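Each chain, written out:
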Amino acid sequence: MSSLQSASLARVKPSATLAVTAQARELKRQGRDVIGLGAGEPDFDTPDNIKAAAVEAIRRGETKYTDADGMPELKAAIVAKFARENGLTYETNQIHVASGGKPVIYNAFVATLNPGDEVIVPAPYWVSYPDMVLLAGGEPVTVIGQEADGFKLRPEVLDAAITPKTKWLILNSPSNPTGAAYTRAELEALAVVLRKHPQVWILTDDMYEHLVYGDFDYVTIAQVAPDLYDRTLTCNGVSKAYAMTGWRIGYAGGPKPLVDLMRKVASQTTSNPSSISQWAAVEALNGPQDFLAERAAAFEKRRDLVVSMLNQAEGIRCPKPEGAFYVYPSIEQLIGKTTPSGVVIDNDETFTAELLNAEGVAVVQGAAFGLSPYFRISYATSEDVLAEGCTRIQRFCASLK
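Residues numbered from 1 in each chain as written. Predicted model: local features only at pLDDT ≥ 70, side-chain atom pairs only at ≥ 80, totals over all residues. Heavy atoms only, no water.

Let's talk about unusual backbone geometry
Our working rule: Secondary structure elements follow DSSP: runs of H or I no shorter than four residues count as helices, runs of E no shorter than two count as strands, and numbering proceeds from the N terminus.
Each neighbour pair has its own omega, and for Ala123 with Pro124 the value is 0 degrees, a cis peptide bond. Relative to the helices and strands, Pro124 is located in the loop between strand E3 (118-123) and helix H6 (128-135). In this structure, the amide linkage connecting Ser372 to the following residue, Pro373, adopts the cis form with an omega of -5 degrees. Topologically, Pro373 is positioned in the loop between strand E11 (364-365) and strand E12 (375-378). Its identity is not glycine, yet Ala243 carries a phi of approximately 55 degrees, on the positive side. Within the element layout of this structure, Ala243 appears in the loop between strand E7 (232-237) and strand E8 (250-253).

Listed below in structure tokens is the structure:
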């Protein structure tokens, strides 16, 4: 009997981050005292003005289909956002809206990738990038950003990875899972390489744009290198900065020919995102923005707490990231050690499994993000929960022999 599963789906794995979150939830249901540090979701609530805009939209009867890739009012708000915050000029016909950041990226890949086309995926990467490439028929090419380089892609490494088959480069800044963010100078150096290879399109995932810390100056590559504008898709969304993960609105600005193709994909797959969520996103982008700095300051305090406590754990080395709400600590010094129950820590998957068993702390193994031996912690939760979680990690590390 032939397999029910398609060959293309057989090439991909389920999301490791969602799996860890589900496992932590199930253990809690069983009565275990579990601290979940796996989910990339702000613990803050959606601001009241955004919720009110959604309720008002319902009362107005804004419950019908919209254009497949977003309604004009939201596209206009996105055009204004790109101009105001990024110095990027788009027309509304250059804007694509979908049910979250994932479908935006997936629509771009489905619209453009042919069998054998390569997509350069810098690692550590968000777990979904390579699998979305595979589902769309392309070939992900993993290129490592080393810890010594702040987990960022060096220009010469990028240059060496590009082949005649390279169709896309993905740039995620600030990064999930490392929190690493590219400076203007670093993006300019990558642009020098990209100018040599006009066949390569650039997809930037800027979802964590508003979560940068200290005096870090956030920029995206299309504003740093305007000559690459015509082959750059600048992706973003309201999920993280506006605490709207469940509302499911992502968007992108790019060249009209590409956006036309993405619209074609949306028209035959998801069709439009929720009309109510779109009206909420209009308010998010057009309404007051003052709370963004307040929330970023809270995340920065959490980052500093987690980095400090993890660096006090035996055998853990935790770099301090520039943004997002993740840290990506190394457990290199713990490989080969043994738990009190006799399990040898031979890789980061064993480490995370034993940490969950022994201390009830759920984190995600580095293998899921393409670089071991590390693990990812999301610090998008309260300082009290983070302090307790890090205390348990310290205790677990101290128990290893």
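Moving on, there is more to tell.
Description of the packing of aromatic side chains
Stated precisely, the cut-off is as follows: The aromatic pairing rule takes the rings of Phe, Tyr and Trp, using the six-membered ring of Trp, and pairs them if the centres are within 6.5 Å, calling planes under 30 degrees apart stacked, those over 60 edge-to-face and the rest tilted. Any Lys NZ or Arg CZ found within 6 Å of a ring centre and within 35 degrees of that ring's normal is scored as a charge over the ring.
Throughout the structure, instances matching the rule amount to 18 aromatic pairs. Connected via pairs of aromatic rings, a cluster forms that spans Phe44, Tyr208, Phe299, Phe325 and Tyr326. The ring of Trp279 carries the charged tip of Arg60 above its face, separated from the ring centre by 4.8 Å.

Observations concerning the UniProt feature "domain: Aminotransferase class I/classII large" (unreviewed entry) in the protein
Selection criterion: UniProt positions are given in the numbering used here, feature names are shortened, and annotations may be inferred rather than shown by experiment.
The feature "domain: Aminotransferase class I/classII large" (unreviewed entry), as given by UniProt, occupies residues 33-393 in the numbering adopted here. Helix makes up 39% of residues 33-393 and strand 14%. Its end C-alpha atoms lie 14 Å apart.

Some thoughts on the side chain of Asp348
This is how the line gets drawn: Relative accessibility thresholds used throughout: buried, under 20% of the residue-type maximum; exposed, over 50%; partly exposed, between the two (1.4 Å probe, protein chains only). The positive count covers Lys and Arg only, the negative count covers Asp and Glu only, and His and the chain ends enter neither. Note on definitions: salt bridges are taken to be side-chain nitrogens of Lys or Arg within 4 Å of carboxyl oxygens of Asp or Glu. Between N or O atoms, a polar contact is any pair within 3.5 Å; within protein, one atom must be a potential hydrogen donor and the other a potential acceptor, and residues adjacent in sequence are included only when both atoms are from side chains.
Mapped onto the elements of the fold, Asp348 is located in helix H13 (residues 348-359). Although Asp348 lies buried, it forms no salt bridge, and the closest oppositely charged side chain, Arg317, sits 11 Å away as judged by the N-O distance. Within the structure, Asp348 has its side chain in polar contact with the side chain of Ser372 (distance 2.6 Å). Within the structure, the side chain of Asp348 is placed 3.2 Å from the backbone nitrogen of Tyr374, a separation counted as a polar contact.

Let's talk about the pattern of salt bridges
This structure, assessed with the given rule, holds 29 salt bridges. Between Glu85 and Arg84 there is a salt bridge, with the nearest N and O atoms lying 3.7 Å from each other. You can call Arg84 partly exposed: its relative accessible area is 45%. Close ionic contact of Arg395 with Glu359 constitutes a salt bridge, the shortest N to O distance being 2.6 Å. Here Glu359 lies in helix H13 and Arg395 lies in helix H14 (residues 383-399), a separation of 36 residues in the sequence. The class for Glu359 is buried, based on a relative accessible area of 14%. Connected via shared salt-bridge partners are Asp69, Lys75, Lys256, Asp260 and Arg263.

Quick word on the nonpolar core
The criterion, for reference: Among buried residues, those of type Ala, Val, Leu, Ile, Met, Phe, Trp, Tyr and Cys that are joined through side-chain atoms within 4.5 Å constitute a nonpolar core. Only heavy atoms matter for contacts: two residues are in contact if any of them lie within 4.5 Å across the pair.
Core analysis: the largest hydrophobic core is formed by 39 residues, its most contacted members being Ile105, Phe109, Val119, Tyr129, Trp168, Leu203 and Leu233. Residues within four places of Ile105 in sequence aside, it is in contact with Trp126, Tyr129, Met132, Leu203, Asp205 and Cys235. One finds Leu211, Ala296, Met309 and Ile331 within the second-largest nonpolar core, a separate group that totals 36 residues.

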